[in-house]
There are 2 protein chains.
Amino acid sequence: MMMEAAPDTPATPRRSDATRAAILEAARERFAADGYERATIRAIARDAGIDPSMVMRYYGNKEGLFAAASEFDLRIPKVGALPAKHIGAVLVAHFLDRWEADEVLTALLRVGVTNAAGAERMRAVFTAQIGPIAAGVCPDPADAPRRAALAASQILGMALARYVLRLPPAAEMPREDVIAWLAPTVQRYLTAEHP
Amino acid sequence: MMMEAAPDTPATPRRSDATRAAILEAARERFAADGYERATIRAIARDAGIDPSMVMRYYGNKEGLFAAASEFDLRIPKVGALPAKHIGAVLVAHFLDRWEADEVLTALLRVGVTNAAGAERMRAVFTAQIGPIAAGVCPDPADAPRRAALAASQILGMALARYVLRLPPAAEMPREDVIAWLAPTVQRYLTAEHP
DNA sequence: CGTTGTTGCCAACAAGCGTTGACCAACAAG
DNA sequence: CTTGTTGGTCAACGCTTGTTGGCAACAACG
């Protein structure tokens with residue numbers, strides 16, 4: 001048999017958890033640096049210090065590996081706790097944090113541009129996580145999706161210029177300046193009365 | 001010999017010009033649709049109705065083909081002729097036009113995200129073409145690059161959401177609405193007195 | 001006519017890819 | 001000690017890729 005002593009424990013510690021984690025970390029790095037096609041399973045396995053066949057065993061195939069590596073939560077603070085007047089600054093600052101904390105968002109953006117599954121995940125993340133924010137603060141909840149998309153376009157555009165294309169002025173701009181410039185834009189997209 | 005009758009004519013018509021053009025057109029479509037890695041020379045040749053080896057003969061290698069296929073001009077109207085007060089709206093409208101006219105910009109964006117040469121070309125295009133505009137209208141010419149990068153971040157972000165990720169609210173938004181929302185942002189990035 | 005350069009197709013190459021299955025060492029349970 | 005499970009390596013498969021060189025048809029020009 002293969003049952004555990006406590007079937008109600010959701011965490012099932014396996015001896016190979018360290019390997020699994022190493023694979024995921026290496027995969028995130030490679031996907032973020034190279035995109036989907038050029039991030040090869042062989043290279044990821046080499047980075048993780050194991051054999052490529054282990055990746056297949058643990059994640060099924062390359063798509064499954066990407067799905068596992070790009071699973072994450074934006075962790076946007078809950079809607080009610082946000083000061084509606086400064087939601088632009090809060091959102092921009094939060095996204096800069098999330099973008100610089102790890103490489104998952106960069107990987108997601110790089111893959112989403114050339115891979116259908118990646119694009120779908122990107123859409124899902126942004127509509128599901130910025131949408132509610134917009135619905136909570138914009139005047140007419142009916143066009144919340146549209147306002148969320150506008151805010152996302154500015155946030156994604158800065159991420160693209162700063163972290164992916166590395167356009168020098170955008171990449172070198174201090175964090176505070178980015179917030180100072182972008183916050184009014186996002187604020188207007190989300191809360192302005194009239195287009 | 002292989003000389004023409006009129007050596008001063010820059011246009012050197014060859015019998016294979018039609019083939020060359022077909023290759024370039026197919027390449028632009030494939031690069032725009034699939035990105036650099038997944039756009040294979042074989043598929044491009046098939047679209048153009050010729051043998052893959054012809055692509056190599058005419059463009060050297062895959063990189064050369066991309067360089068030729070992504071060569072283009074933003075054709076931004078000359079700086080002096082622009083009304084500084086409405087430069088935001090003019091720029092946004094112009095970019096929407098350029099983006100929808102052909103597939104070159106989409107190809108450039110898709111490739112620039114995963115390919116070093118593509119990223120370099122994207123940087124070159126935007127710094128060289130939005131930079132002068134910013135220098136012509138912003139209060140302090142010293143931070144023109146920074147303002148150009150900010151404007152580029154919003155324009156690129158909308159293009160990403162609308163044409164590449166196809167985030168539904170952004171993709172379906174009427175052209176006039178996009179201009180109405182984005183123009184004030186770009187205008188502020190380029191001409192506002194203080195951050 | 002012959003020569004020469006161009007245009008094109010065909011067949012192949014070496015390399016790299018994702019993926020698979022056989023096999024082995026270590027360990028836990030009986 | 002035996003037996004089954006787990007973590008892992010190794011060698012190979014079938015396939016696609018970019019790229020190359022040879023060969024046939026055709027045009028241009030002496």
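Each value, and the rule that gives it
- Residues numbered from 1 in each chain as written.
- Chains lettered and ligands numbered in written order.
- Predicted model: local features only at pLDDT ≥ 70, side-chain atom pairs only at ≥ 80, totals over all residues.
- Heavy atoms only, no water.
- Least-squares fit on C-alpha atoms with pLDDT ≥ 70 in both.
- Contact = heavy atoms within 4.5 Å.
- Buried area = accessible area lost by both parts, 1.4 Å probe.
- Salt bridge = Lys/Arg side-chain N within 4 Å of Asp/Glu carboxyl O.
- Phe/Tyr/Trp six-rings, centres within 6.5 Å; stacked < 30°, edge-to-face > 60°.
- Helix = DSSP H or I, 4+ residues; strand = E, 2+ residues; numbered from the N terminus.
- Buried < 20%, exposed > 50% of the residue type's maximum accessible area, 1.4 Å probe, protein only.
- Core = buried A, V, L, I, M, F, W, Y, C linked by side-chain atoms within 4.5 Å.
- Near = heavy atom within 4 Å.
- Polar contact = N/O pair within 3.5 Å; in protein donor to acceptor, adjacent residues only side chain to side chain.
- Nonpolar A, V, L, I, M, F, W, Y, C, P; charged D, E, K, R; others polar.
- Domains from an automatic or database assignment.
- Patch = residues over 30% accessible without salt bridge, like charges linked within 9 Å, V, L, I, M, F, W, Y side chains within 5 Å.
- Areas by Shrake-Rupley, 256 points an atom, 1.4 Å probe, with all protein chains shown as cover.
- Lys, Arg positive; Asp, Glu negative; His and termini not counted.
- Charge placed at Lys NZ, Arg CZ, Asp CG, Glu CD.
- Axes fitted to C-alpha atoms, helices over the stretch in contact; angles between N-to-C directions.
- Parallel < 35°, antiparallel > 145°, perpendicular 65-115°, else oblique.

J.: Got a minute to help me understand the relation of the copies chain A and chain B in this structure?
T.: Copies of the same chain, two in number, are related to each other by a rotation about an axis and a translation along it. Expressed as a screw operation, the relation of chain A to chain B combines 0.0 Å of axial shift with a rotation of 180°, fitting to an RMSD of 0.1 Å. On the angle and the small slide along the axis, the relation comes out as a two-fold axis. For chain A, the minimum C-alpha distance to the rotation axis belongs to Gly157 of chain A and amounts to 1.7 Å. A shared binding surface is used by both copies, with 100% of the interface residues of chain A retained as interface residues in chain B.

J.: Looking at this model, I keep getting lost on the interface of chain A and chain B. Mind explaining?
T.: Put simply, an interface is often sized by how much accessible area is lost when its parts join up. In this complex, chain A contributes 44 residues to the contact, which on the side of chain B involves 44 residues. For the pair chain A and chain B, the two sides together bury roughly 4,000 Å², of which 69% comes from carbon and sulfur. Considering only the side of chain A, the residues that lose the most area to chain B are Val113, Leu165 and Trp181 of chain A, jointly responsible for 20% of the buried surface there. At the surface where chain A touches chain B, the tally comes to 3 salt bridges. The closest approach of N and O atoms between Arg146 of chain A and Asp177 of chain B, which form a salt bridge, is 2.8 Å.

J.: Where do I start with the packing of aromatic side chains in this structure?
T.: How two aromatic rings sit relative to each other is given by the distance of their centres and the angle of their planes. Taken as a whole and judged by the stated rule, the model has 12 aromatic pairs over all chains. Between the aromatic rings of Phe31 of chain A and Phe66 of chain A, the centroid separation amounts to 5.3 Å while the plane-to-plane angle is 85°, which identifies the pairing as edge-to-face. Here Phe31 of chain A is found in helix α1 (residues 17–38), whereas its partner Phe66 of chain A is found in helix α4 (residues 62–69), with 35 residues between them in sequence. Aromatic side chains Tyr36 of chain B and Phe66 of chain B sit 6.0 Å apart centroid to centroid with 90° between the ring planes, which places their arrangement in the edge-to-face category. Of this pair, Tyr36 of chain B sits in helix α1 (residues 17–38) while Phe66 of chain B sits in helix α4 (residues 62–69), placing them 30 residues apart in sequence. Note on accessibility: Tyr36 of chain B and Phe66 of chain B belong to one class, buried.

J.: Just checking my understanding: could you explain the nonpolar core for this structure?
T.: A general feature of soluble globular proteins is that nonpolar side chains tend to end up buried together. Of all hydrophobic cores here, the largest spans 139 residues; its most connected members are Phe31 of chain A together with Phe31 of chain B. In this view, Phe31 of chain B contacts Tyr36, Ala39, Ile44, Lys62, Leu65, Phe66, Ala69, Ala107, Arg110 and Val111 of chain B; residues no more than four positions away in its chain are not counted.

J.: What is the right way to read the protein's contact with DNA strand C from this model?
T.: In the vicinity of DNA strand C, 19 residues are found, and the nearest of them are Thr40 and Arg42 of chain A together with Thr19, Asp51 and Arg57 of chain B. Across the atoms of DNA strand C situated within 4 Å of the protein, the share located in sugar and phosphate is 51%. The separation between a phosphate oxygen of DNA strand C and a polar side-chain atom of Ser16 of chain B is 3.0 Å. Within the side chain of Ser53 of chain B, a nitrogen or oxygen atom sits 3.0 Å from a base nitrogen of DNA strand C. For the surface near DNA strand C, the elements supplying multiple residues, two or more each, are α2 (41–48) and α3 (52–59) of chain A together with α3 (52–59) of chain B. Here the surface near DNA strand C gets 4 residues from one element, more than from any other, and that element is α3 of chain B. For the surface near DNA strand C, the class distribution of residues is 6 nonpolar, 6 polar and 7 charged.

J.: Where do I start with the domain arrangement of chain A in this structure?
T.: Residues and elements named next belong to chain A. As assigned here, chain A comprises domain 1 (17–69) and domain 2 (79–191). Computed over C-alpha atoms, the centres of domain 1 and domain 2 are 27 Å apart. Taken together, the contact between domain 1 and domain 2 spans 12 residues of the former and 11 residues of the latter. Looking only at domain 1, the three residues that lose the most surface to domain 2 are Ala32, Tyr36 and Phe66, adding up to 49% of its buried area. Between domain 1 and domain 2 we count 0 salt bridges in total. Our enumeration of links across domain 1 and domain 2 arrives at 1 residue pair in polar contact (both at pLDDT 80 or more). Elements with a contribution of two residues or more to the side of domain 1 that touches domain 2: α1 and α4.

J.: What am I meant to see in the protein's contact with DNA strand D here?
T.: Within the structure, DNA strand D sits among 20 residues, and Asp51 and Arg57 of chain A together with Thr40, Arg42 and Lys62 of chain B are positioned closest to it. Here the atoms of DNA strand D within 4 Å of the protein split so that 51% fall in sugar or phosphate, with bases taking the remainder. In this structure, Ile41 of chain B approaches DNA strand D through a main-chain N or O atom, which is 3.1 Å from a phosphate oxygen. Between DNA strand D and Lys62 of chain B there is a distance of 2.9 Å, counted from a phosphate oxygen to a backbone nitrogen or oxygen.

J.: What should I look at first to understand a negative patch on the surface in this one?
T.: Residue and element names in this part refer to chain A. Taken together, the side chains of Glu25, Glu29, Asp102 and Glu103 present a region of like negative charge at the surface. Checked against the element boundaries, Glu103 lands in the loop between α5 (87–101) and α6 (104–114). Assessed through its relative accessible area of 38%, Glu103 is described here as partly exposed.

J.: What am I meant to see in the packing of α1 of chain A against α3 of chain A here?
T.: Packed helix pairs are specified by the crossing angle of their axes together with the interaxial distance, meaning the distance between the axes. Residues and elements named next belong to chain A. Between α1 and α3, the least distance of the axes is 11 Å, while the angle of their chain directions is 100°. In terms of axis orientation, α1 runs roughly perpendicular to α3. Residues Thr19, Arg20, Ile23 and Leu24 of α1 form the contact with α3, whose own contacting residues are Val55, Tyr58 and Tyr59. Looking at side-chain class alone, the contact of α1 with α3 contains 5 nonpolar, 1 polar and 1 charged residues.

J.: I tried to follow the pattern of salt bridges on my own but got confused; where do I start?
T.: For side chains bearing opposite charge, pairing can occur when the charged atoms are close. Overall, the coordinates contain 18 salt bridges over all chains when judged by the stated rule. The residue Arg30 of chain A makes a salt bridge to Asp34 of chain A at a minimum N-O spacing of 3.6 Å. Taken together, the residues Arg30 of chain A and Asp34 of chain A, both in helix α1 and 4 residues apart, mark about one turn of the helix. Each member of the salt-bridge network shares a partner with another, and the members are Arg30, Asp34, Arg38 and Asp47 of chain A together with Glu37 of chain B.

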